[in-house]
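What the coordinates show
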Amino acid sequence: MSEARRVIRDGLWDNNVVFGQMLGMCPTLATTGSATNGLGMGLATTVVLVCSGVLVSLFRNVIAREVRIAIYVLLMSSIVTLVDMTMNAWMHELHKVLGLFIPLIVVNCAIMGRAEAFASKRTPGIAALDGLMMGIGFTLALMVLGGVREAIGQGTLFADASMLLGERFAFLELRLDDYRGVLLMILPPGGFLALGFLVAARQRMLARARTRASLTNGDAVAGA
Amino acid sequence: MTSWTPNRSPVAAPHVHGRTAIPQVMRTVLLALLPATATGVWLFGWPALNMIVLSIAGCVAAEAAALAIGRRALAHTLGDGSAVVTGLILALCLPPWAPWWLPLLGGAFAIVVGKQVFGGLGQNVLNPAMLARVALLVSFPLEMTAWVAPQPLFSAAAPGFLESLAITFGAVAAPDAVSAATALAPLKTGGEFAAGPALIALGLGTVPGSLGETSALALLAGGALLIARRIVPWQIPAALLGTLALLAAIFNQIDPAHYAPPLLHLLGGSALMCAFFIATDPVGAPVTPSGRLIFGAGIGALIYAIRTWGGYPEGVAFAVLLLNAATPLIDHLVRPRRYGRLRSGAPLPVIRREDGR
Amino acid sequence: MSTLATGGLRQRPGLLLGAFALGCSALLGAGDLVTRAEIRLRQAEDLRHALDQTLASVPHDNNPADDTVAVDAGNGKTITIYRARQGGEISGVAFNWVGEAGYGGPITLTVGVAHDGRIASVRVLSHSETPGLGDKIDVRKSDWIRAFDGRGLDTGTRWAVRKDGGDFDQFAGATITPRAVVGAVHDSLRFYAAQRERLLAPQAPASAGREGEPAAVPAKGSAS
């Protein structure tokens, strides 16, 4: 149980793919022009992460060390291609927006990283959980980044969410009417700026938590 | 900042202390900017003054806020005047009748993203004012290219002080009647290049353009002061303007109808402002004379390329930022020989005297 | 037995890699089979949608996406013409037109022309104009492009932007982009006028034999 908790904490916060490990920067920066795009890219990556985790873990006793990287690449590119075809067929509008980036999931280091560092050593169940949590952490990070850029850049939040999630989620779409928008944030430099400030904010939170922890420890020692 | 020696190569110790402190340098720069600032305010009226005040206020407030967040003493860099200089340079680069939020936002961006994020004065890789100018130009292309024709203070057409508040703070954009094209516009939209008397207007500054960049004479006066006081090395302006003029002359010779003459490139737009006040910012420029020549020539060539073939009408800000980024490389390429060493870093070869001693 | 087989495979990395490649290929083949029809349907829908937008004001009862003819544009390029028919008679055509360079490069338009030579509507297919300034030619950003609707060579329209003494507004801060679009639309109309006879010929000159449909249509038209 505690191991599962550890995996969940790792994926969502402590070892978050974007903010902790700083992996997968290409999709992170390229697809976060809006919260909806970030969400879509994150979900697609999550599917790939879970599938590759399970498959790698299932075959971990079969795969010989010498060819393991080649086999991982083979598995991942197959999964990504399947996701690509599926989205093209049944989520066509989103595929038109993200289409260029979906094949790039193959080169998202986070997937290879989890396969090598986690899935190849663990049982399928926990590997699936790890893939899911890493994927959700990645999705949340992309959504926050996309949300910040979209809000500052054009004064909307989750614009076109109904396109991704269906009409029932149209209530998510927010819009500030008299806001001109800072175009820079939607353009590529805005991705770097927003990511930098978000990472800085996270570091500040961590630093503050550390000081607090050391302070309370100090108190405990002093009290004893 | 400490290793910065204006007109000489860095040399080995011992050094003499130059008694030049940062606040003093900043005061001289402000003094040198005074002619251009005064001309700009006179030409474009009260709205221009509003904008200068707002831009400086934005920079100083952002500097104070950044220092407070970083828990550093406010006196640390707030008192040295560097934020004021950044604010003034930024204001002089903007359209004179810009709405109030443009200089405020630009000032804050210049200080926070351009300077404090890197660790404050002397640590910034890129020129803060130019970074803000590019950010504003990319984000608000409409406001950043809304030029007005000069309407000198106290002339009949000039807006009064109350009117100027409406222009700066009002939601209404400047009326079409006063909007105008800059001297560089024919480079992109086609049409006649300025020549003859129009070039004299460019020299005096009585043309549409950025607040403080229209008057070549005022900028030259300030630049002369900076070079005479040895605040800026002469190599950067010389190489920058020389390269720009040379390229313009070559292409103008090839096809005069298509490529603007060198004088238009030098006098129109931001080239002079850039050559004396922006590219010479010691923080982002190389430290050796030869490095500065390369740096200036690079900016001049890029300005010409962007103006002639690029997507934006003026390339000064982009050129400065790109060469700022290349500065460590330039410094590495032309680093001076260490005393007692070869250029490669190996010790000097020992030469045996023939007389056997 | 299975342990023996896996153990054997572990000893032979080449064989293992081959087995995985085979498995992945089978997976991809199956995926392709499942999604192929759906994807083709979606792409046809995309084209149909784009054509419907440009030919919305032209009454038609056929699917213009299926009724095409290739016309030589004169400069070595061929242009695919999509034809809308009402009761077999051609009521309008739509085609893609690559215009002269705008501020940031060529602008590709989809032009719909009604039977009488008037513009049905124009849409921008792709452009690389300055965001925030020149991109108002996109119908999602501004209604400017609708100013062409209903205009033709014979409507007394001055085909230039106002600054050049024409009938079309330029945008605040951008003249080159609208000037390029106005010029391109004008060119496309002249192309239509020059090719009118060939475009409107009931017998499609190039593809009549291939389709079969046009041959049957005139008969239907004359009957009604």
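Remember, predicted model here, so these are calculated numbers, not experimental data.

Conventions used here
Residues numbered from 1 in each chain as written. Chains lettered and ligands numbered in written order. Predicted model: local features only at pLDDT ≥ 70, side-chain atom pairs only at ≥ 80, totals over all residues. Heavy atoms only, no water. Helix = DSSP H or I, 4+ residues; strand = E, 2+ residues; numbered from the N terminus. Buried < 20%, exposed > 50% of the residue type's maximum accessible area, 1.4 Å probe, protein only. Contact = heavy atoms within 4.5 Å. Areas by Shrake-Rupley, 256 points an atom, 1.4 Å probe, with all protein chains shown as cover. Pairing = 2+ DSSP bridges. Buried area = accessible area lost by both parts, 1.4 Å probe. Salt bridge = Lys/Arg side-chain N within 4 Å of Asp/Glu carboxyl O. Polar contact = N/O pair within 3.5 Å; in protein donor to acceptor, adjacent residues only side chain to side chain. Nonpolar A, V, L, I, M, F, W, Y, C, P; charged D, E, K, R; others polar. Patch = residues over 30% accessible without salt bridge, like charges linked within 9 Å, V, L, I, M, F, W, Y side chains within 5 Å. Expected span 1.5 Å × (residues − 1).

**A few points about the overall build of chain C**
Per the secondary structure count, chain C includes 5 helices and 5 strands. For chain C, the N- to C-terminal ordering of α and β elements is α-α-β-β-β-β-β-α-α-α. Put simply, chain C has 224 residues, and 43% of those count as buried. Long-range contacts, defined here as pairs at least 24 residues apart, represent 48% of the contacts in chain C between residues at least 6 apart. If you sum the accessible surface of chain C, you get close to 11,400 Å²; carbon and sulfur atoms cover 54% of it.

**Notes on the pairing of strand 2 (residues 78-86) of chain C**
All names here are of chain C. With 5 bridges connecting them, strand 1 (residues 68-72) and strand 2 associate as antiparallel partners. The residue bridging Ala-70 from the neighbouring strand is Thr-80, located in strand 2. Between strand 1 and strand 2, which pair antiparallel in sequence order, lie 5 residues; one of them, Gly-74, sits at a positive phi of approximately 100 degrees. Two elements, strand 2 and strand 3 (residues 89-101), share 6 bridges in a ladder whose sense is antiparallel. Pairing of Gln-86 across the sheet is with Glu-89, part of strand 3. As consecutive antiparallel partners, strand 2 and strand 3 are separated by 2 residues, and within that stretch Gly-87 has a phi angle of approximately 55 degrees, a positive value.

**Quick look at the interface of chain C and chain A**
Facing 20 residues of chain C, the contacting portion of chain A comprises 24 residues. Here chain C and chain A share an interface that buries about 2,000 Å² over both sides, 78% of which is from carbon and sulfur atoms. On inspection of chain C and its partner chain A, the count reaches 0 salt bridges. In this structure, the connection of chain C to chain A is made through 2 residue pairs in polar contact (both at pLDDT 80 or more). At the level of secondary structure, the elements contributing two or more residues to the side of chain C that touches chain A comprise helix 1 (2-11) and helix 2 (13-54) of chain C. The greatest single-element share of the side of chain C that touches chain A, amounting to 16 residues, is contributed by helix 2 of chain C. Looking at side-chain class alone, the side of chain C that touches chain A contains 11 nonpolar, 4 polar and 5 charged residues.

**Thoughts on the pattern of salt bridges**
According to the stated counting rule, one finds 21 salt bridges over all chains in the structure shown. As a salt-bridge pair, C:Arg42 and C:Glu38 come within 2.7 Å of each other at their nearest N and O atoms. A residue pair is termed a helical-turn pair when its members lie 3 or 4 positions apart in one helix, as C:Arg42 and C:Glu38 do in helix 2 at 4 residues. Its relative accessible area of 19% is what places C:Arg42 among the buried residues. Several salt bridges share partner residues, and in doing so they unite A:Arg6, A:Arg9, A:Asp10 and A:Asp14 into one network.

**Looking at a nonpolar patch on the surface**
Residues and elements named next belong to chain A. A grouping of Ile-8, Leu-12, Trp-13, Leu-132, Ile-136, Leu-140 and Met-205 is seen on the molecular surface, where their side chains present a nonpolar patch of about 550 Å² in accessible area. Sorting the residues of the nonpolar patch by element identifies helix 1 (2-14) and helix 7 (124-154) as the ones contributing at least two each. Assessed through its relative accessible area of 32%, Ile-8 is described here as partly exposed.

**What about the environment of B:Tyr259?**
Secondary-structure assignment places B:Tyr259 in the loop between helix 12 (235-254) and helix 13 (262-267). Along the primary structure B:Tyr259 and B:Phe193 are separated by 66 residues, whereas in three dimensions their C-alpha atoms are 8.9 Å apart.

**Section: helix 2 (residues 46-69) of chain B**
With 24 residues, helix 2 of chain B should reach 34 Å at 1.5 Å per residue; the first-to-last C-alpha distance of 34 Å fits that figure. The first or second residue beyond helix 2 of chain B is B:Arg71, which carries a positive phi of 55 degrees.

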